[in-house]
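Now for the letters of each chain:
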Amino acid sequence: MTDTMPRLEALEVKLKPLYDQLANHRLYSSFRTLADLHTFLESHVFAVWDFMSLLKALQRGLTCVDVPWIPSAFPESRRLINEIVLGEETDVYQGNALSHFEIYLLAMQQCGADTTAIDRLIFALRDGADLHQAMRGSHAAEPAKFFVRDTFHILSEEKLHTAAAAFTFGREDLIPAMFKGFVRDLNRDLGGNLDTFLWYLERHIEVDGEEHGPMALRMIAELCGDDDEKWHEAEQAAIFALQSRLNLWDGIANAIAKNPQ
């Protein structure tokens, strides 16, 4: 395999304008009240949930989960994905093993955000409903529904390199200082009711920036290799995922604008 670093660097350059739009999105300057944060959390939790679906699709495709076991074709990527799963699905919070999704739910409950929609989704899926039925019955906000639809559109292609691109590039790993400052100030005013959410934000920055982000880039390099078509498809998937994230941010910002101030 040739050196894939130039390809990764070229891809990141192409994606930079979209990352800049995300980092400077009007959503971050729109927060004023706890109700505004609730509006954000109640939609964003669906992105936290479907991130886990991307993760498990990659684990299923890159490792062997069948019996009898046979080794998969991607030795480095299977190690990388298993390490990421360990951190994302079974992190340790206050001495307990929990997924980041479950920690996010705890954060919502601690600050009084409504978990009804995401709870309905999980209950319906556990009860055997298909995703379309479960999402419709959740009564989630429209931006959250559209975002989940986009994620599962990528998964429906059943291509590991495009799923890996959406997983790696389509998630928010830039959390502007103004947003963290708003949450810290509000947490102080609320007497610590946002402690869990702050932990989630800091942990997210730590593991994505220092560990999982670089691992995911190596995974894309192995999956695309020297194949020009795969690199092109990975680029298109990354652009699609980032645009979907921008659409989610637009929808949440519009909803916040309708909140009483």
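Residues numbered from 1 in each chain as written. Predicted model: local features only at pLDDT ≥ 70, side-chain atom pairs only at ≥ 80, totals over all residues. Heavy atoms only, no water.

## Quick notes on the pattern of salt bridges
Inference 1: Taken as a whole and assessed by the stated rule, the structure comprises 13 salt bridges.
Inference 2: Where glutamate 89 meets lysine 56, a salt bridge forms, and the shortest distance between an N and an O atom there is 2.9 Å. Taken together, the residues glutamate 89 in helix H3 (residues 75–89) and lysine 56 in helix H2 (residues 34–62) connect sequence positions 33 residues apart.
Inference 3: The class for glutamate 89 is partly exposed, based on a relative accessible area of 30%.
Inference 4: A salt bridge links aspartate 150 to arginine 149; the shortest N-O distance between them is 3.2 Å.
Inference 5: Each of Asp185, Arg188 and Asp189 takes part in one network of salt bridges that share partners. (Salt bridge = Lys/Arg side-chain N within 4 Å of Asp/Glu carboxyl O. Helix = DSSP H or I, 4+ residues; strand = E, 2+ residues; numbered from the N terminus. Buried < 20%, exposed > 50% of the residue type's maximum accessible area, 1.4 Å probe, protein only.)

## Describing helix H9 (residues 177–189)
Residues three or four positions apart in an α-helix share a direction because the helix packs 3.6 residues into each turn.
Inference 1: Between its first and last C-alpha atoms H9 spans 18 Å; for 13 residues at 1.5 Å apiece the expected length is 18 Å, and the two agree.
Inference 2: Within H9 the residues assigned to the buried category are Phe179, Lys180, Phe182, Val183, Leu186 and Asn187. Down the axis of H9, the sector holding all buried residues measures 155°, keeping them to one side. Projecting away from the buried face of H9 at angles above 90 degrees are the exposed residues Ala177, Arg188 and Asp189.
Inference 3: Where H9 ends, the next residue or the one after it, glycine 191, has phi of about 70°, a positive value. (Expected span 1.5 Å × (residues − 1). Arc of directions from axis to C-beta.)

## Section: the environment of alanine 35
Inference 1: When you line up the elements, alanine 35 lands in helix H2.
Inference 2: The exposure class assigned to alanine 35 is partly exposed, which follows from its relative accessible area of 39%.
Inference 3: Sequence-wise, alanine 35 and isoleucine 256 are 221 residues apart; in three dimensions their C-alpha atoms are separated by 8.3 Å.

## Details of the confidence of the model for the protein chain
Inference 1: Predicted confidence across the protein chain gives a mean pLDDT of 93, with 97% of residues reaching 70 or more.
Inference 2: The secondary structure element of the protein chain with the lowest average pLDDT is helix H10 (residues 195–224), at 85, and the one with the highest is helix H5 (residues 116–126), at 98. (pLDDT = per-residue confidence, 0-100.)

## Some thoughts on the side chain of lysine 180
Inference 1: By the secondary structure assignment, lysine 180 is in helix H9.
Inference 2: Buried and without a salt bridge, lysine 180 has glutamate 202 as its closest oppositely charged side chain, separated by 4.8 Å.
Inference 3: Those residues in contact with lysine 180 that lie beyond four places of it in its chain are Ile175, Glu202 and Ile205. (Lys, Arg positive; Asp, Glu negative; His and termini not counted. Contact = heavy atoms within 4.5 Å.)

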